[in-house]
Amino acid sequence: MAETQTDKDLETLLDGKELSAELTELKDVLVKYAQSRKVNNVKERVSLIYVVSAILNWNEEEFYQVVNRMNRIIVQSNLGVDINQIISQIQMMNKKNGPLN
């Protein structure tokens, strides 16, 4: 898959490289907003993601796709396996042994 500009922006942030004007502006606005709302715990960070999704007018399905993608990345990072491999293994076990009920 081709790398998008947002992928490049994320890499820039993670690598500590110089930010573009647009990325600097976004960072400044988000930091100011988060500080003014005291976004400093998990509950508030999740709410911030909801706020961003509402601002960008994501519908419910789009929001859930984002959350699903984030979960896949977390599983990959923590377990070192693609979640599709885990799902395939479960499906194979269910075919062999029947579903767990």
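Bear in mind the structure is a predicted one, so any value in this text is a computation, not a measurement.

With that settled, the discussion passes to the overall build of the chain. Helices and strands together make up the secondary structure of the chain, namely five helices and zero strands. Secondary structure of the chain in N-to-C order comes out as α-α-α-α-α. Its C-alpha atoms give the chain a radius of gyration of 18 Å, clearly above 13 Å, the size a compact globule of 101 residues would have. Taken along its principal axes, the extent of the C-alpha atoms in the chain is 55 × 30 × 25 Å. Taking as baseline every contact in the chain between residues at least 6 positions apart, the subset at least 24 positions apart corresponds to 0%. Put simply, the chain shows about 8,900 Å² of open surface, and 56% of that area lies on carbon and sulfur atoms. Looking at the chain, you have 12 positive and 14 negative side-chain charges, and the mean spots of the two groups are 8 Å apart.

Let us look at helix α2 (residues 21-36). In this model, α2 (16 residues) spans 22 Å end to end at C-alpha, consistent with the 22 Å of a helix rising 1.5 Å per residue. Of the residues trailing α2, K38 is marked for its positive phi of about 55 degrees.

Of note, K38 is a non-glycine position whose phi angle comes to about 55 degrees, a positive value. Examined against the element boundaries, K38 turns out to sit in the loop between α2 and α3 (42-55). Looking at K38, the relative accessible area reads 59%, which means it is exposed. Phi angles above zero are rare outside glycine, and N57 is one such case at about 60 degrees. Position of N57 among the secondary structure elements: in the loop between α3 and α4 (60-79). With a relative accessible area of 65%, N57 lands in the exposed category.

The full count for this structure, using the stated rule, is two salt bridges. Here E11 and K17 are joined by a salt bridge, their closest N and O atoms 4.0 Å apart. For the salt bridge of D15 with K17, the shortest nitrogen-to-oxygen distance reads 3.7 Å. Judged by its relative accessible area of 45%, K17 falls in the partly exposed class.

Here we take up the packing of aromatic side chains. Describing an aromatic ring pair means giving the distance of the ring centres and the angle of the ring planes. All told, the structure shown has two aromatic pairs when counted by the stated rule. Taken together through their ring pairs, the aromatic side chains of Y50, F63 and Y64 make up a single cluster.

Moving on to the confidence of the model for the chain. Looking at the chain as a whole, its pLDDT mean stands at 89, while 95% of the residues score no less than 70. Confidence, expressed as mean pLDDT per element, reaches its minimum in the chain at helix α5 (residues 83-97) with 83 and its maximum at α2 with 96.

Conventions used here
Residue numbers restart at each chain and count upward from 1, following the sequence in its written direction. With pLDDT at 70 or above as the cut-off, local features in this predicted model cover only qualifying residues; side-chain atom pairs require 80 or more to be listed or tallied, and sums for whole chains, interfaces and linings still use all residues. By convention in this description, side-chain values take in all heavy atoms of the structure and omit both hydrogens and water. A helix here means a DSSP run of H or I that spans at least four residues, while a strand means a run of E at least two residues long, and both kinds are numbered starting from the N terminus. Both definitions apply: the radius of gyration is a C-alpha atom measure, and the globule rule equals 2.2 Å times residues to the power 0.38. Any two residues whose heavy atoms approach within 4.5 Å are treated as being in contact. The Shrake-Rupley method, run with a 1.4 Å probe sphere, supplies the accessible areas, and residue values consider only the shown protein chains as cover. A residue counts as positive if it is Lys or Arg and as negative if it is Asp or Glu; His and the chain ends are not included. The atom standing in for a charge is NZ when the residue is Lys, CZ when it is Arg, CG when it is Asp and CD when it is Glu. An expected span of 1.5 Å times one less than the residue number is assigned to each helix. Burial classes: relative accessible area under 20% of the type maximum marks a residue as buried, over 50% as exposed, and values in between as partly exposed (1.4 Å probe, protein chains only). By definition, a salt bridge exists where a carboxyl oxygen of Asp or Glu is found within 4 Å of a side-chain nitrogen of Lys or Arg. Any pair of Phe, Tyr and Trp rings, taking the six-membered ring for Trp, is counted once the centres come within 6.5 Å. Such a pair is stacked with planes under 30 degrees apart, edge-to-face with planes over 60 apart, and tilted for the rest. Residue-level confidence of the predictor is what pLDDT reports, using numbers from 0 through 100.

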